[in-house]
Amino acid sequence: MRLILWTFSLLFFLFNARVSYSQTDAARRPIPYPVRYSNAFKEAVHHQTRTLNGAPGKAYWSNPTRYTLHALLSPETKMLQGQATISYTNQSPDTLSQLVVQLRQNLHKEGAIRNREVETTDGMQLSKVMVNGQHYMERRLRSRTGYKVQGTLMYISLYQDLYPGETAELAFSWNFQIPDGDSPRMGQDGEVFFLGYWYPQMAVYDDIQGWNDDLYMGNAEFYMDYADYDVNITVPEGWLIAATGELQNPEEVLSTETLTKLEQARESDEVTTIVDKTEQFPGVSTRTSESGLLTWHFTAENVRDFAFGTSDRYVWDAIPTNISGKKIMVHSFYRWGTSAWKRAAEFARYSVEYLSSRLVPYPYPNLSVVEGIIGGGMEYPMITLIGGRRTDFTLFSVVFHEIAHNWFPMLVGSNETQFAWMDEGLVTYYTNEGKETFFTNDMVWEFEADQYEIFSETDTEIEPMRHADLFPISGIARRVGCYNKPALALRALQGVFGYQLFNNAMRLYIDRWTNKHPQPFDFFNTFEQVTGKNLDWFWTSFFYETWPLDQAISEVKIENGQTTVFIEDLGLLPMPVLVCATLQDSSLLEKEIPVEHWLQGNRTAEITFESNKVKKVDLDPQHFFPDINRKNNSWSLESAP
Ligand SMILES: [Zn+2]
């Protein structure tokens, strides 16, 4: 059998090689194939949970959850003890015989399957697992009920099925050792403790895949459902907490001086220091208590996750902002002397204001930026963790990027695990826009394009439409495929459709998918509906392939009062050609070759300007498109032979 297959493969190879040789010879290129919906998406359209125009269907559902969490954090032992009750409602049309719970601390367990180096701990040690008042034990080989932990996932086989419309009440007790350092998105360094993925969280059950039970291996990020949270966190007095949600008991944990300064900060237009470096003591920054512990109570509604940071070394700055008539407090927490961080609150305020005006208003009651532990930045609802000493430029970049994640994927809840570009690509696009405006720096997009273009020539590029754990572990293919390339694709869309239409499409996409779970097709189809165009050629070329773009001017002829520009399309990625002629009096003439010209299989084009006073011709002079060789994009009379 093996031999036959081998012979067949060889014949196929020879045949294929001959064909591809003749194709190269004829200088033909692939015509982008249509976007092919997944079977699950087609099923979803059939069941009316989704539509073909990009909007959710009238039968769209997701499973709402309510978490009541208690955490006791001991900085001394570096342990967290937790208790949870979780109400999980099955709004799906399916009867669930099992529930899947994420135990992401098990990433750190010895022997866990990982694609990133992490600190090893014992993972999440469970001491209680209950569903609807019944204790569940670890499942034995032949028993049908109980729970089974496989890596970062817990599968609970229920005693009684959960029917559509029913709610299950789960209860857990657990503890874990808080891992050291950059772990990779939470952890502690002895002074700062940042807690993400610290409680058992329901996996997402959706209309596309049912239970989404991707292992957390370190690289690929998350997919989470919307939930309400009621959280009590106990820490030593003198320790400040920044968290997702709103603090419900400020007068029980903050000192009178701190409360007064917070009140003053609300009315100021400048950054107010709430706790400075001389005030980091129990009784000065916080209240004191007989036990030496204080319990901070937070609530949050309709968020994907709950995270918090705590330290007794934090300086605390705050500044208010007004978003669509609503006052939102912006906080920064950092250790004194961490360079650039004095401007963190100012940067955060700028970011939230810019993004609110460009997208939709920031939907949450407050925002915190906290310093510590990790190398880069990590997003959580209403709070971001950012590490390291930085320059103004790099701090601004990370602050803006992580805050933009409040829209993608916090507000628009895409599946980061399977389609990382849907949040990272969009966020990178807006971060470049924000940096360009804040620093009036027009090199921001050039830098983004350079990173992609240099990498695209290494032959190791990987297309964005790929599960985030299926990129090579080393190197920058994941970075380029999930961040740079999709950001450049959005900029190219802006170049094709203009700023206004592009913004309209993005806003409609957000409106439609707020607190819901869009698939890539929902994003694609929303754009097509708003622009009225079939964009299969664009999605296929940018998201499913690694085809490079290389438009070139091959010749310019000036004769008989006319200027004719001869254009060659040397790459594989078809785009419209934006041709700009500069006349001797510096006025500009612009023309466009529509993409359809290339989609018909042409490799060359010519375009004529009714003037013989042309001194310069440029293709895409504003650099909207990621052309891998810009040297052949311009022609000038002076350098003409
Ligand atoms: Zn990001």
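Treat the numbers as computed from the prediction; the structure is a model and nothing was measured.

Rules of the game
- Residues numbered from 1 in each chain as written.
- Predicted model: local features only at pLDDT ≥ 70, side-chain atom pairs only at ≥ 80, totals over all residues.
- Heavy atoms only, no water.
- UniProt positions renumbered as here; feature names shortened; annotations may be inferred.
- Helix = DSSP H or I, 4+ residues; strand = E, 2+ residues; numbered from the N terminus.
- Donors = N, O, S within 2.8 Å, 3.2 Å for Na, K, Ca; no water.
- Tetrahedral: all angles 85-135°; square planar, octahedral: opposite > 155°, others 65-115°.
- Buried < 20%, exposed > 50% of the residue type's maximum accessible area, 1.4 Å probe, protein only.
- Domains from an automatic or database assignment.
- Contact = heavy atoms within 4.5 Å.
- Buried area = accessible area lost by both parts, 1.4 Å probe.
- Salt bridge = Lys/Arg side-chain N within 4 Å of Asp/Glu carboxyl O.
- Polar contact = N/O pair within 3.5 Å; in protein donor to acceptor, adjacent residues only side chain to side chain.
- Phe/Tyr/Trp six-rings, centres within 6.5 Å; stacked < 30°, edge-to-face > 60°.
- Expected span 1.5 Å × (residues − 1).
- Bend = angle between axes of the 7 residues up to and from the residue.
- Pairing = 2+ DSSP bridges.
- Axes fitted to C-alpha atoms, helices over the stretch in contact; angles between N-to-C directions.
- Lys, Arg positive; Asp, Glu negative; His and termini not counted.

Undergrad: Could you clarify how one ought to interpret the UniProt feature "domain: Peptidase M1 membrane alanine aminopeptidase" (unreviewed entry) in the protein chain in this entry?
TA: The sites that UniProt annotates as "domain: Peptidase M1 membrane alanine aminopeptidase" (unreviewed entry) are residues 395-542. The distance separating the terminal C-alpha atoms of residues 395-542 is 30 Å; by composition the span is 69% helix and 0% strand.

Undergrad: Would you mind showing me how to read the coordination of the zinc ion here?
TA: In an ideal tetrahedron of four donors about a metal, each angle is 109.5 degrees. In an ideal octahedron of six donors, the angles are 90 or 180 degrees. Around the zinc ion, the protein supplies His401 (NE2), His405 (NE2), Glu424 (OE) and Glu424 (OE) as donor atoms, at distances of 2.0 to 2.7 Å. Considering all 4 donor atoms around the zinc ion, the spread of angles at the metal, 52 to 151°, places the coordination shape in the irregular class. Donor residues for the zinc ion sit on one chain with the sequence pattern H-x3-H-x18-E. Classification of histidine 405 as buried rests on a relative accessible area of 0%.

Undergrad: Where do I start with the domain arrangement of the protein chain in this structure?
TA: It is common to report an interface's size as the accessible area lost on association of the parts. Once the domains are mapped, the protein chain shows domain 1 (65-421), domain 2 (422-544) and domain 3 (551-636). Relative to domain 3, the C-alpha centre of domain 2 lies at a distance of 25 Å. Listed by partner, the interface residues are 15 residues for domain 2 and 13 residues for domain 3. Of the roughly 1,300 Å² buried where domain 2 meets domain 3, counting both sides, 67% is carbon and sulfur surface. By the criterion of area lost to domain 3, the three top residues of domain 2 are Glu453, Arg491 and Trp537, representing 38% of everything that side buries. Linking domain 2 with domain 3 are 0 salt bridges, by the criterion used here. Across the contact surface, domain 2 and domain 3 share 3 residue pairs in polar contact (both at pLDDT 80 or more). The set of elements that each furnish at least two residues to the side of domain 2 that touches domain 3 consists of helix H9 (444-456), helix H10 (477-497) and helix H13 (536-544). The biggest single contributor to the side of domain 2 that touches domain 3 is H10, with 6 residues.

Undergrad: Which parts of the structure should I look at to understand the packing of aromatic side chains?
TA: Working definition: an aromatic ring pair is given by the centre-to-centre distance plus the angle between the planes. This model, assessed by the stated rule, comprises 58 aromatic pairs. Judged by centre distance (5.5 Å) and plane angle (80°), the rings of phenylalanine 347 and phenylalanine 396 are edge-to-face. In this pair, phenylalanine 347 is assigned in helix H5 (residues 344-358) and phenylalanine 396 in helix H6 (residues 392-404), connecting sequence segments 49 residues apart. Look at phenylalanine 502 and phenylalanine 527: their rings are 5.8 Å apart centre to centre, the planes differ by 50°, and that puts the pair in the tilted class.

Undergrad: Please explain H10 as it appears in this structure.
TA: Residues spaced three or four apart along an α-helix point in a common direction, a consequence of the helix completing one turn every 3.6 residues. Helix length check: H10 (21 residues) gives 28 Å between terminal C-alpha atoms against 30 Å at 1.5 Å per residue, within 8%. The sharpest bend along H10 reaches about 30° and sits at lysine 485, with the proline proline 486 one to four residues further on. Of all 21 residues in H10, 19 are buried, a share of seventy percent or more. After H10 finishes, the residue glycine 498 shows a positive phi value of roughly 85°.

Undergrad: Looking at this structure, how should I read the pairing of strand S4 (residues 125-131)?
TA: As paired strands, S4 and strand S8 (residues 167-177) are joined by 6 bridges and run antiparallel to one another. Bridge pairing in S8 places glutamine 125 opposite asparagine 175. Here S4 folds back onto strand S5 (residues 134-135) in antiparallel fashion, the turn holding 2 residues, of which asparagine 132 has a positive phi close to 50°.

Undergrad: Got a minute to help me understand the pairing of strand S14 (residues 227-236) in this structure?
TA: Remember that side chains alternate between the two faces of the sheet whenever the strand is regular. Here S14 lies mainly inside the structure; 8 of its 10 residues are buried. Bridging between strand S1 (residues 65-74) and S14 involves 8 bridges; their strand directions are parallel. Following the sheet pairing, leucine 69 is matched in S14 by valine 231. For S14 and strand S18 (residues 293-303), the ladder comprises 9 bridges, and the chain directions are antiparallel. Pairing of valine 231 across the sheet is with phenylalanine 298, part of S18.

Undergrad: Where do I start with the pattern of salt bridges in this structure?
TA: Where charged atoms from two side chains of opposite charge approach closely, those side chains can pair. Using the criterion set out here, one finds 20 salt bridges in the structure. For arginine 50, the salt bridge is made with aspartate 522, and the minimal N-O distance between the two is 2.7 Å. Residue arginine 50 is found in the loop between helix H2 (39-46) and S1, and its partner aspartate 522 is found in helix H12 (residues 520-531); the two are separated by 472 residues along the sequence. Residue classification places arginine 50 among the buried residues on the basis of a relative accessible area of 2%. A salt bridge links glutamate 371 to arginine 335; the nearest nitrogen and oxygen atoms lie 2.9 Å apart.

Undergrad: When you look at the sheet that holds strand S19 (residues 308-311) in this model, what are you seeing that I'm missing?
TA: Sheet architecture is open: 4 strands sit in the order S9-S10-S19-S15, paired in antiparallel fashion. Looking at the sheet topology across the chains shown, the edges are occupied by strand S9 (187-188) and strand S15 (240-243). The sheet contact formed by S9 and strand S10 (residues 192-195) spans 2 bridges and is antiparallel. Paired with glycine 187 across the bridge in S10 is phenylalanine 194.

Undergrad: Would you take a moment to explain the sheet that holds strand S22 (residues 366-371) for this structure?
TA: Within a sheet, neighbouring strands are paired by backbone hydrogen bonds and run either parallel or antiparallel to one another. One open sheet accounts for 6 strands, arranged S17-S20-S21-S22-S24-S23; its pairing is mixed. With partners counted over all chains shown, the strands left at the sheet margins are strand S17 (272-275) and strand S23 (377-380), one partner each. Neighbour-to-neighbour, the strand axes of this sheet turn through a mean angle of 20°, independent of strand direction. Bridge count between S17 and strand S20 (residues 314-323): 3 bridges; the pairing is antiparallel. Residue pairing for S20: valine 275 is matched across the bridge by tryptophan 316. Together, S20, strand S21 (326-335) and S22 form the strand contacts of H5, whose direction differs from that of S20 by roughly 25°.

Undergrad: Can you walk me through the side chain of arginine 512 in this structure?
TA: Tracing the backbone through its elements, the reader meets arginine 512 in helix H11 (residues 499-513). Although arginine 512 is buried, it forms no salt bridge, and the closest oppositely charged side chain is aspartate 522 at an N-O distance of 7.8 Å. Residues in contact with arginine 512, not counting those within four places in the same chain, are Asn53, Gly54, Ala55, Pro56, Thr526 and Gln529.

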